[in-house]
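Structural description and commentary
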Amino acid sequence: MNYFSPEGLHLLLGQPDTSNPKGRRDHALLVLLYDTAARVQEIIDLRVRDVRFEQPATVTLHGKGRKTRIVPVTAKTASIMEGYFQEKGWIGSSGMLDFPVFMNNRECKLSRAGVAYILSKYVKSMSIEGSHHIPKSVSPHCLRHTKAVHLLRSGVPLIYIRDILGHA
């Protein structure tokens, strides 16, 4: 199973240039992929209405087999997402509730390949400085594995990890 070490994850999440809109989108995407342990399809299907900023901040993911799960996110992730939503003009705008959260340059929802490309771009940019922190094979699913391993190593009971991952 491929996963990032805590140091590797920190390096990865520090790669996007958050001084521009695309970098802020990419940063929000990577942070949310990790923090929710979402499958890539769940992230690309995510709509504005699925993100809740009131405490406790949560994201509603629509997964395999038409299963829906509500996943808590950290205050830091909620803050990053709220900044991203404010930049997009989605806070308090009821007409945009069905917009995809993550879109490409053509304002269409990202594809699976698009998410994989974004991740691989930042992995390549970190490969010189942190090669020993990078898994041999990296995919969006690798961030899901990373979250599971980090939770397990933090002493979170398996039953909670199962629920966060949406396993039966």
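Residues numbered from 1 in each chain as written. Predicted model: local features only at pLDDT ≥ 70, side-chain atom pairs only at ≥ 80, totals over all residues. Heavy atoms only, no water.

**A look at the packing of aromatic side chains**
- This model, assessed by the stated rule, comprises five aromatic pairs.
- Ring pairing ties together the aromatic residues Phe 53, Tyr 84, Phe 85, Trp 90 and Phe 102, which thus form one cluster. (Phe/Tyr/Trp six-rings, centres within 6.5 Å; stacked < 30°, edge-to-face > 60°.)

**Observations regarding the side chain of Arg 69**
- As for its position among the elements, Arg 69 is in strand 3 (residues 68–72).
- Arg 69 gets classed as buried once you look at its relative accessible area, which sits at 11%.
- A distance of 2.7 Å separates polar atoms of two side chains, one belonging to Arg 69 and the other to Glu 42. (Helix = DSSP H or I, 4+ residues; strand = E, 2+ residues; numbered from the N terminus. Buried < 20%, exposed > 50% of the residue type's maximum accessible area, 1.4 Å probe, protein only. Polar contact = N/O pair within 3.5 Å; in protein donor to acceptor, adjacent residues only side chain to side chain.)

**Structural notes on the packing of helix 2 (residues 21–36) against helix 4 (residues 75–88)**
- Where helix 2 meets helix 4, the axes come as close as 10 Å, and the angle between the chain directions of the two elements is 145 degrees. For helix 2 against helix 4, the interelement crossing comes out left-handed. Contacts from Pro 21, Arg 24, Arg 25, His 27, Ala 28, Val 31, Leu 32 and Asp 35 in helix 2 reach Thr 77, Ile 80, Met 81, Tyr 84 and Glu 87 in helix 4.
- The class makeup of the residues in the contact of helix 2 with helix 4 is seven nonpolar, two polar and four charged. (Axes fitted to C-alpha atoms, helices over the stretch in contact; angles between N-to-C directions. Left-handed = near helix turned anticlockwise from the far one by under 90°. Contact = heavy atoms within 4.5 Å. Nonpolar A, V, L, I, M, F, W, Y, C, P; charged D, E, K, R; others polar.)

**Some thoughts on unusual backbone geometry**
- With an omega of -5 degrees, the peptide bond between Gln 55 and Pro 56 qualifies as cis.
- Looking at where Pro 56 falls in the secondary structure, it is placed in the loop between strand 1 (51–52) and strand 2 (58–62).
- A positive phi angle is found at Ala 37, which is not glycine, with a value near 55 degrees.
- You can see Ala 37 is positioned in the loop between helix 2 and helix 3 (40–44).
- Phi angles above zero are rare outside glycine, and Glu 107 is one such case at about 65 degrees.
- We classify Glu 107 as exposed; its relative accessible area is 51%.

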